[in-house]
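# Structural characterization, general
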Amino acid sequence: MTILARARDLTRRYNDKTALDGVSLDIPTGQVLGLLGPNGAGKSTLINVMTGLLRPTSGSVELCGGDPRSEATRRVIGVTPQETGLPETWRVAELVDFVSAHFPDPVSPAELLKRFDLTSLADRQAGGLSGGQQRRVAVALAFAGRPRLVFLDEPTTGLDVDARRALWDGIRSFHADGGAVLLTSHYIEEVEELADRVVVMDRGRIIADGGVAEIRGRVQLKRVTLTDAALPALEEVASIEQDADRTHLLTNDVTALVRELVTVGASFTDIEIESASLEDAFLAITGDRRIT
Amino acid sequence: MSSLTMTYTRRNLAETIRTPTMFLTVALVPVGVMLFFVVPFIGQDAQAITSATGTLVVFGVLMACVGHFSIVIATQRESAWGNYLRTLPGGLAPQMSAHLLVGTIVVAAAIIPIVLVAGLFTAAAAPLSRVLLAAGALLIAVVTFSLLGLAMGYLLSLRLASIANSIGFLPLAVAGGMFFDRADTPSFIVQIAPYVPTRGATDLVLVALTGESADPLSLVMLAVWITALAGLTTWGYRRDQARRFN
């Protein structure tokens, strides 16, 4: 299997803050890699270093066998502008034409618009689009040049369910054609839907790396959320987080926790039980739950 | 011209026209200065108004090029979109060529009104051959001031570039002796003017337009400025690529 991206011992410091701390990562052809981690874990810095926007303090990056800044490399990678980054006065079709013009063999603009469900927005100015629509345009632009490797930083943040599904379909069809993706996300479901492999980062380091099932298997955490101002100390709780009047309990044994809640007479107002995100899980496991 | 250059030119032009604040300022201010402060006083003195027209055209070019490029580049540098452009293939050349082409168009918007006013309402006159020669000389002024704007755009933040734009033109013009009569220019200005790029650019255009003699020193210094500003622009662009923006 050919390695498309090879990062070796990447370290990046800003003044005295270390954003990346010795990260090594290989992405083979055709793999969708989901990168998870809390805010400030170093995900965006890693993407910016790998796409050549930032120089690493030390370490090296090789994309498709070349320097990330070289002309040959830029032709085969796809990157998205950041969330609010589209020039406001440009129409969507103009943006797509403009980006396509940089590549030797671009996807036809009509096809690209269709693939990301943007055809009806083609004549609208970017500044007049909703945040979610802008996000979809930004993601579509990453695929304009028929890249072999695409970097997507939080592609679906702020999208409604339909738009998210449309985006997932676009990414899947790219994957089916053999394209590789490095994807960061806050949504465990998204990574489960799309990724072949999951890498979890925290504090500038990679703390877990494996297949989706493997990572899930290591994590049995559930998140129980309820409204009760006066909860006593509970035995089955791995960690507690307070968010306004809502209390979030992370637990490894949800059945036992619910029994315990019944026993102590806790209020079940608006109780919710859901799978903890991988972030929750790893932070709980590493004993590093930050109050956010 | 590569098709990518055309693409950048079309986009930059559309952007300029859709948000026309800078464009209108550049198109109205120099001709306004001419109408209110020049034409009423020397409008019928053929020799004086011809020189004044040449000088004002150079001033228009200064405003157009510096105003346009410094803001466009500084904005692009600080924006997420500018960051994104750096991940696309294509390199520096098409972007730079497009900036120069659009600069020329903005310049036309600055100088055509001045030339029209001079031709229609004043005694200014020059043979066609001299006008064409002056147009060639003006192209060098365009290149000089475009490079100045680009260098400012790459080296200053958007805030500083905006401040420099609102206070910088007048000192540059005055230091270059643009708004003085040759005969009664203060001696301090006479001393420094040859080393200021506005002097060389004005001299070059006036030599071509009226045939009056120019200080060779100011022309040599103009060449030095062009070389230095081109170097600064390239260096600024490279340094920009190595920096962190988000």
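In what follows, the accompanying structure is described. (Residues numbered from 1 in each chain as written. Chains lettered and ligands numbered in written order. Predicted model: local features only at pLDDT ≥ 70, side-chain atom pairs only at ≥ 80, totals over all residues.)

### What to know about the pairing of strand β10 (residues 222–227) of chain A
Residues and elements named next belong to chain A. Of the pairings in the sheet, the one linking β10 to strand β12 (residues 246–251) comprises six bridges and is antiparallel in character. Looking across to β12, one finds that arginine 223 is bridged to leucine 250. Relative to strand β13 (residues 272–275), β10 runs antiparallel, the two being bridged by four bridges. Paired with threonine 225 across the bridge in β13 is glutamate 272. (Pairing = 2+ DSSP bridges. Helix = DSSP H or I, 4+ residues; strand = E, 2+ residues; numbered from the N terminus.)

### Structural notes on the environment of alanine 110 of chain A
Note that alanine 110 of chain A resides in helix α4 (residues 109–115). Measuring from C-alpha to C-alpha, the distance between alanine 110 of chain A and valine 96 of chain A comes to 9.2 Å, with 14 residues separating the pair along the chain.

### Section: the sheet that holds β13 of chain A
Pairing between the strands of a sheet is mediated by backbone hydrogen bonds and can be parallel or antiparallel. Residue and element names in this part refer to chain A. Ordered by their spatial adjacency, four strands build an open sheet running β11-β12-β10-β13, and the pairing between neighbours is antiparallel. Single-partner strands in this sheet number two, and they are β11 (237–243) and β13. Sheet twist, expressed as the mean angle between neighbouring strand axes with direction ignored, is 20°. (Axes fitted to C-alpha atoms, helices over the stretch in contact; angles between N-to-C directions.)

### So, the sheet that holds strand β7 (residues 180–184) of chain A
Residue and element names in this part refer to chain A. Taken in spatial order, the six strands make up an open sheet running β5-β6-β7-β3-β8-β9, and their pairing is mixed. Single-partner strands in this sheet number two, and they are β5 (77–79) and β9 (205–211). In this sheet, neighbouring strand axes are inclined to one another by 15° on average, regardless of whether the strands run parallel or antiparallel. Judged from the four bridges that link them, strand β3 (residues 32–36) and β7 form a sheet pairing that is parallel. Across the sheet, the residue bridging to valine 32 is valine 181, located in β7.

### Observations regarding the interface of chain A and chain B
Taken together, the contact between chain A and chain B spans 22 residues of the former and 21 residues of the latter. Top contributing element to the side of chain A that touches chain B by residue count: helix α2 (residues 71–76) of chain A, with three residues. Here the residues of the side of chain A that touches chain B are counted per class, giving eleven nonpolar, seven polar and four charged. (Contact = placed C-beta atoms within 7 Å. Nonpolar A, V, L, I, M, F, W, Y, C, P; charged D, E, K, R; others polar.)

### Considering the nonpolar core
The biggest cluster of nonpolar side chains holds 132 residues, and the ones touching the most others in it are Leu95 of chain A together with Val61, Leu62 and Val205 of chain B. Broken down by element, this core gets its largest block of residues, 16 residues, from helix α3 (residues 46–78) of chain B. (Core = buried A, V, L, I, M, F, W, Y, C linked by C-beta atoms within 7 Å. Buried ≥ 20, exposed ≤ 12 C-beta atoms within 10 Å, placed from the backbone.)

### Quick look at unusual backbone geometry
Residues and elements named next belong to chain A. With a phi close to 50°, cysteine 64 is a non-glycine residue in the positive phi region. Residues other than glycine seldom take positive phi values, yet arginine 203 does so here, at roughly 50°. Among the residues examined, arginine 203 registers 16 C-beta atoms within 10 Å and is labelled partly exposed.

### Thoughts on the packing of α3 of chain B against helix α9 (residues 197–210) of chain B
To characterise two packed helices, one gives the angle between the axes of the helices and the distance between these axes. Residues and elements named next belong to chain B. Where α3 meets α9, the closest approach of the two axes is 9 Å, and the angle between their N-to-C directions is 140°. The angle between the axes of α3 and α9 places the two elements in the oblique class. Handedness of the α3/α9 crossing: right-handed. Where α3 abuts α9, its residues Thr50, Ser51, Gly54, Thr55, Val57, Val58 and Leu62 lie against Thr198, Ala201, Thr202, Val205, Leu206, Leu209 and Thr210. In terms of residue class, the contact of α3 with α9 is built from seven nonpolar, seven polar and no charged. (Parallel < 35°, antiparallel > 145°, perpendicular 65-115°, else oblique. Left-handed = near helix turned anticlockwise from the far one by under 90°.)

### A look at the pairing of β7 of chain A
Residue and element names in this part refer to chain A. Of all five residues in β7, five are buried; the element is thus mostly enclosed. Alternating positions in β7 separate into two faces, Ala180, Leu182 and Thr184 on one and Val181 and Leu183 on the other, with burial throughout. The sheet contact formed by strand β6 (residues 149–153) and β7 spans five bridges and is parallel. Across the sheet, leucine 149 pairs through a bridge with alanine 180, a residue of β7. Handedness of the crossover is the feature at issue here: the chain leaves β6, passes through helix α6 (residues 161–176), returns alongside β7, and the resulting connection is right-handed. (Right-handed = clockwise from strand over helix to strand, strands pointing away.)

Structural measurements only, silent on function.
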